[in-house]
Amino acid sequence: KQEVTQIPAALSVPEGENLVLNCSFTDSAIYNLQWFRQDPGKGLTSLLLIQSSQREQTSGRLNASLDKSSGRSTLYIAASQPGDSATYLCAVRPTSGAGSYQLTFGKGTKLSVIP
Amino acid sequence: NAGVTQTPKFQVLKTGQSMTLQCAQDMNHNSMYWYRQDPGMGLRLIYYSASEGTTDKGEVPNGYNVSRLNKREFSLRLESAAPSQTSVYFCASSEDRDSYEQYFGPGTRLTVT
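Cut-off values and rules
- Residues numbered from 1 in each chain as written.
- Chains lettered and ligands numbered in written order.
- Predicted model: local features only at pLDDT ≥ 70, side-chain atom pairs only at ≥ 80, totals over all residues.
- Heavy atoms only, no water.
- Helix = DSSP H or I, 4+ residues; strand = E, 2+ residues; numbered from the N terminus.
- Buried < 20%, exposed > 50% of the residue type's maximum accessible area, 1.4 Å probe, protein only.
- Polar contact = N/O pair within 3.5 Å; in protein donor to acceptor, adjacent residues only side chain to side chain.
- Core = buried A, V, L, I, M, F, W, Y, C linked by side-chain atoms within 4.5 Å.
- Contact = heavy atoms within 4.5 Å.

Draft legend 1. View of the environment of S73 of chain A. Residues and elements named next belong to chain A. Note that S73 resides in strand β8 (residues 72-77). Residue classification places S73 among the buried residues on the basis of a relative accessible area of 1%. Residues S73 and L21, spaced 52 residues apart in sequence, show a C-alpha to C-alpha distance of 8.5 Å. Within the structure, the side chain of S73 is placed 3.1 Å from the side chain of W35, a separation counted as a polar contact. A polar contact of 2.7 Å, which involves the side chain of S73, links it to the backbone oxygen of S65.

Draft legend 2. Molecular detail of the nonpolar core. Counting 22 residues, the largest nonpolar core has L33, W35, L75 and I77 of chain A as the members making the most contacts within it. Counting only elements with at least two residues in this core, the list comes to β3 (19-25), β4 (30-38), β5 (44-51), β7 (62-67), β8, β9 (86-94) and β11 (109-114) of chain A. In this structure, L33 of chain A is in contact with C23, F25, L48, L49, I50, L66, S73, C90, A91 and V92 of chain A, ignoring residues within four places of it in sequence. Judged by nonpolar contacts, the second largest core, of 20 residues, contains V4, M19, L21 and L110 of chain B.

As far as function goes, none of this settles anything; it's purely spatial.
And the structure:
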């Protein structure tokens, strides 16, 4: 059974710092990996999606990388801002089979950016 | 373009009561999903509908039923609510193409007393 782990569970950084959030998964047979942001009391907002054949995706100050063979993904946030404060979740989708529509989520990293 | 909408936003039920959570998407997506989010457990898939007319169980389907009413709407029903169903419920949708990127609604916060 696929398991997704995000470390650390919480992270506090001063404004302007570059930071890396980590996501690891136990089964490398994935179709893609998706990073989400969740603000308190809100739904999930998709940030980046990396297909299994890709190594990285970029959007603005965000860069996500994927190393499928080692079961790892990182989300790099450049020049962090207080508005980046949120919980960041990663989720993986399996390649095939009856459960191929089922995303497996990590429990998230709660990021606080201090002004 | 509203994306994925859910009603209601909040609901309090007594044990044994029933209710239906509504979800609609206006992105012409084929696939729709219901998740629950609990502290310390992360998000878990309850049911999904790969396309109009089909539904399948996810990781935690017990105590729930779903209906894919049409391509836009996917409802989740609790027939006899239990305190263990206190949770935040999210609906999501995705286009059944290469990326399957999922888009989420704002959630329904349900408390069962």
